[in-house]
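Letter by letter, the chains look like this.
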Amino acid sequence: EEEPESEDFDDEEEEEEEPEPPKRSSKRRKSASPTTQRSSSRSSGGGASSNSNVSSYEEPDVDADDVEGDFDFSNWRGRCSFAIARLRLQNIALPFNTPVDTGTYTDYLDFVERPMDLSKIALRNDEKWYDSYDEILRDVRLMRDNCKRYNGEETLISVHAAQLVTKFTRFVEEAGGGSD
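Rules behind the numbers
Residues numbered from 1 in each chain as written. Predicted model: local features only at pLDDT ≥ 70, side-chain atom pairs only at ≥ 80, totals over all residues. Heavy atoms only, no water. Helix = DSSP H or I, 4+ residues; strand = E, 2+ residues; numbered from the N terminus. Buried < 20%, exposed > 50% of the residue type's maximum accessible area, 1.4 Å probe, protein only. Contact = heavy atoms within 4.5 Å. Areas by Shrake-Rupley, 256 points an atom, 1.4 Å probe, with all protein chains shown as cover. Core = buried A, V, L, I, M, F, W, Y, C linked by side-chain atoms within 4.5 Å. Arc of directions from axis to C-beta. Axes fitted to C-alpha atoms, helices over the stretch in contact; angles between N-to-C directions. Parallel < 35°, antiparallel > 145°, perpendicular 65-115°, else oblique. Left-handed = near helix turned anticlockwise from the far one by under 90°. Nonpolar A, V, L, I, M, F, W, Y, C, P; charged D, E, K, R; others polar.

## A short note on the overall build of the protein chain
Then, number 1: When you go through the protein chain residue by residue, the secondary structure sums to 7 helices and 0 strands.
Then, number 2: From first element to last, N terminus to C terminus, the protein chain shows the α and β order α-α-α-α-α-α-α.
Then, number 3: For the protein chain, the residues scored as buried account for 42% of the 180 residues in total.
Then, number 4: Taking as baseline every contact in the protein chain between residues at least 6 positions apart, the subset at least 24 positions apart corresponds to 71%.
Then, number 5: Of the roughly 11,100 Å² of accessible surface on the protein chain, a fraction of 42% belongs to carbon and sulfur atoms.

Here it is, written out as structure tokens:
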């Protein structure tokens, strides 16, 4: 009787695959906001720890054609509306799309005096609350600064918050700029 042939994997060449970008845990995706992810022991949030190779990864931009809606590109407010809508489609923006749940993260307001998120920025822009592009940019930066203050400078979520500021300014420029 012949023995069945066994496969010998030692002789086969294995292809090296490109490493995939880091994946966020589903626990963080379900949270109300990115700024709620404290890495300190005071919080029950799923905080991200710093990781030097993670901070260099930047999520590719959402294609401008994927943004739905009618936008008036003839003025800064319309271009900012488009940039905010495009920004909110980014995966890294998911925790920033809604306000921090202060019922869950009860110490959040001990660290952050003026909470800010993308839904509030979009609403303010739609209601003509802002008088200039610089005022909208100030709130996008405030969102980043709040995140860093609550979560720490080197956490993954703070790195993402900084990337969102960069993407916002780039998206506005690509749409025609922040001034009329």
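## Observations concerning the nonpolar core
Then, number 1: Of all hydrophobic cores here, the largest spans 27 residues; its most connected members are Phe96, Ile121, Ile136 and Phe168.
Then, number 2: Sorting the residues of this core by element identifies helix 3 (76-88), helix 5 (118-126), helix 6 (133-151) and helix 7 (156-175) as the ones contributing at least two each.
Then, number 3: When residues no more than four places from it in sequence are discounted, the contact partners of isoleucine 121 are Ile84, Met116, Tyr130, Ile136, Asp139 and Val140.
Then, number 4: The next biggest cluster of nonpolar side chains, apart from the first, holds 5 residues, and it includes Val100, Tyr105, Val112 and Tyr150.

## Examining the environment of arginine 114
Then, number 1: With respect to the helices and strands, arginine 114 occurs in the loop between helix 4 (108-111) and helix 5.
Then, number 2: Between the C-alpha atoms of arginine 114 and leucine 142, which are 28 residues apart in sequence, the distance is 8.1 Å.
Then, number 3: Not counting residues up to four positions away in its chain, the partners in contact with arginine 114 are Asp139, Leu142 and Asn146.

## Digging into helix 5
Then, number 1: Buried within helix 5 we find Leu118, Ile121, Ala122, Arg124 and Asn125. Angularly, the buried residues of helix 5 cover 165 degrees about the axis, an arc narrow enough to put them on a single face.
Then, number 2: The inward-facing, buried residues of helix 5 abut helix 3 and helix 6.
Then, number 3: At the C-terminal side of helix 5, lysine 128 shows a positive phi close to 60 degrees.

## Things to note about the packing of helix 6 against helix 7
To describe two helices that pack against each other, one gives the angle between their axes and the distance between the axes.
Then, number 1: At a minimum axis separation of 8 Å, helix 6 and helix 7 run at an interaxial angle of 170 degrees. When the axes of helix 6 and helix 7 are compared, the pair comes out roughly antiparallel. Across the interface between the two elements, Tyr133, Ile136, Leu137, Val140, Arg141, Met143, Arg144, Cys147, Lys148 and Asn151 of helix 6 pack against Ile157, Ser158, Ala161, Ala162, Leu164, Val165, Phe168, Thr169 and Val172 of helix 7.

## Focus on the packing of helix 3 against helix 7
Then, number 1: The N-to-C vectors of helix 3 and helix 7 enclose an angle of 135 degrees; their axes lie 9 Å apart at closest approach. As judged from the angle between their axes, helix 3 and helix 7 are oblique. With respect to the hand of their crossing, helix 3 and helix 7 are arranged in right-handed fashion. Of the residues in helix 7, those touching helix 3 at Arg79, Cys80, Phe82, Ala83, Ile84, Arg86 and Leu87 are Leu164, Lys167, Phe168, Phe171, Val172, Glu174 and Ala175.
Then, number 2: Tallied by class, the residues present in the contact of helix 3 with helix 7 amount to 10 nonpolar, no polar and 4 charged.

That is the geometry; function is a separate question.
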